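Summary of structural features
Each chain, written out:
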Amino acid sequence: MHWFKGRPVHRGLAALVLAVAALAACDRAPEVHREQAFVLGTLVEITAAGASKEELGEAAGAAFREMRAIHNALTPTAEGNLLADFNGAAPGEWTALEGPLTGLIPRALAVQRASGNTFSPHLGRLVGLWGFREPPFPEEPPAEAAVEDLMDGGAGGEALELRRSDGLEARLTRPGAGLDLGGIAKGYAVDRAATKLKEHGVDNALINAGGDLRALGTRGNRPWRIGIRDPRDRERVLAVVALRDGEAIVTSGDYERSFTHDGRRYHHLLDPATGRPARRARQATVMGPRATETDAWSTALFVAGARGLERLGARQPGLVIDAEGRAHANAAMEERLDWRAEGMAAP
Ligand code: ADP
Ligand code: MG
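Under the annotation held in an unreviewed UniProt entry, the chain carries the name FAD:protein FMN transferase and is attributed to Thiohalorhabdus denitrificans. For the chain, the Function (unreviewed entry) comment in UniProt is given as "Flavin transferase that catalyzes the transfer of the FMN moiety of FAD and its covalent binding to the hydroxyl group of a threonine residue in a target flavoprotein." In its Catalytic activity (unreviewed entry) section, the UniProt entry covering the chain states "L-threonyl-[protein] + FAD = FMN-L-threonyl-[protein] + AMP + H(+)".

Right, let's talk about helix H6 (residues 144-152) for a bit. Within the span of H6, buried status applies to Val147, Leu150 and Met151. For H6, the angular spread of the buried residues around the axis is 100°, confining them to a single face. Residues Ala145, Asp149 and Asp152 are exposed on H6 and point more than 90 degrees away from its buried face. Looking at the residues trailing H6, positive phi occurs at Gly154, about 90°.

For the magnesium ion (ligand 2), the protein coordination sphere consists of Asp295 (O), Asp295 (OD) and Thr299 (OG1), at 2.1 to 2.6 Å. In this pair, Asp295 and Thr299 are both assigned in helix H8 (residues 291-304), four residues apart and thus about one turn of the helix distant. Residues Asp295 and Thr299 agree in their burial class; the two are buried.

Moving on to the packing of aromatic side chains. Throughout the structure, instances matching the rule amount to four aromatic pairs. For the pair Phe132 and Phe137, a centre-to-centre distance of 5.9 Å together with 55° between the ring planes defines the contact as tilted. Judged by relative accessible area, Phe132 falls into the buried class, the value being 1%. Pairing Phe259 with Tyr266 gives two aromatic rings, centres 5.3 Å apart and planes at 15°, and the pair type is stacked. Owing to a relative accessible area of 7%, Phe259 belongs among the buried residues under this scheme. A network of ring pairs unites the aromatic residues Trp130, Phe132, Phe137, Phe259 and Tyr266 as a single cluster. Over the face of the ring belonging to Tyr255 we find Arg234, whose NZ or CZ atom lies 4.0 Å from the ring centre. Seen from the ring of Tyr266, Arg279 lies directly overhead, with NZ or CZ sitting 5.3 Å from the centre.

Definitions and limits used
- Residues numbered from 1 in each chain as written.
- Chains lettered and ligands numbered in written order.
- Predicted model: local features only at pLDDT ≥ 70, side-chain atom pairs only at ≥ 80, totals over all residues.
- Heavy atoms only, no water.
- UniProt positions renumbered as here; feature names shortened; annotations may be inferred.
- Buried < 20%, exposed > 50% of the residue type's maximum accessible area, 1.4 Å probe, protein only.
- Helix = DSSP H or I, 4+ residues; strand = E, 2+ residues; numbered from the N terminus.
- Arc of directions from axis to C-beta.
- Donors = N, O, S within 2.8 Å, 3.2 Å for Na, K, Ca; no water.
- Phe/Tyr/Trp six-rings, centres within 6.5 Å; stacked < 30°, edge-to-face > 60°.
- Lys NZ or Arg CZ within 6 Å of the ring centre and 35° of its normal.

Next comes the structure, spelled out in structure tokens:
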């Protein structure tokens, strides 16, 4: 467990140290290029080391196309797409799974079970009621009775079932439930982007989709390094982690999509037990071998708060900044965090 204090940030010094470090590594500095695109409702950045600008341009183009297709299939929309078609079925009616749903629903269900239902892939109707789908966000919470109606309709329980017949089929069992893969789809898109980069011969890269990151290979002779930021001072880096080849790190926070009403913050991460914004954490960070599960677990850990570190398991690094601003890291995370980097500029 680690407690951090509001120490002053020595930016000038940190910048100097960085500059010296950069000089020292200069002779073996790799060629580094970056591509950006607005996908999945966020700015996605792909940084590659050791590939030419043209090589990265082509690979990143393929990765962004793949991410956009995933977004189009899974974003909640009134016009038809895979998600809307699935949600259009009556409660209890089986739907054959296609496209990204085939892989994602079983994986989402696995995290729902393992997390003790703090991650739930079927909060869609609640998320819609709270108005967090897209900006502008509302200025006040919905009527209590409307939340209770959906909770009475089974929104917060376990209401998604899977069966194998010819292929995979799934169904929602309660009227309050609506499939919403928002807590896992970005991680899945990052994993697919990683595969695309490799198919195009880019083996050393960092993909950052607004808090969902995955590293491939190294940045020249050093690993890709990631700063974990302070949830209440986004300019400040709390600690730095070096990522291994293929490793993902995902952070969920209450500052992303939120509004304040009567001095209280309301945000887009809902506790299935209450149907309301989770109150146990300000931020949760998880690391793992794939961005898909890591994304789902970061949402689960955010909802569970510090006590959720037990469910995460001993091998998977997890860090929670609780509602009082205290940091709780499990042993696997503590081993990986470089707290001395506090105050350093984020990569
Ligand atoms: P972000 O998209 O801000 O990075 P997350 O990956 O944690 O954050 O996903 C947030 C989205 O997941 C919400 O917008 C909503 O669609 C959905 N969601 C909200 N609460 C939960 C929950 N308890 N379990 C699973 N998904 C959730
Ligand atoms: Mg998530």
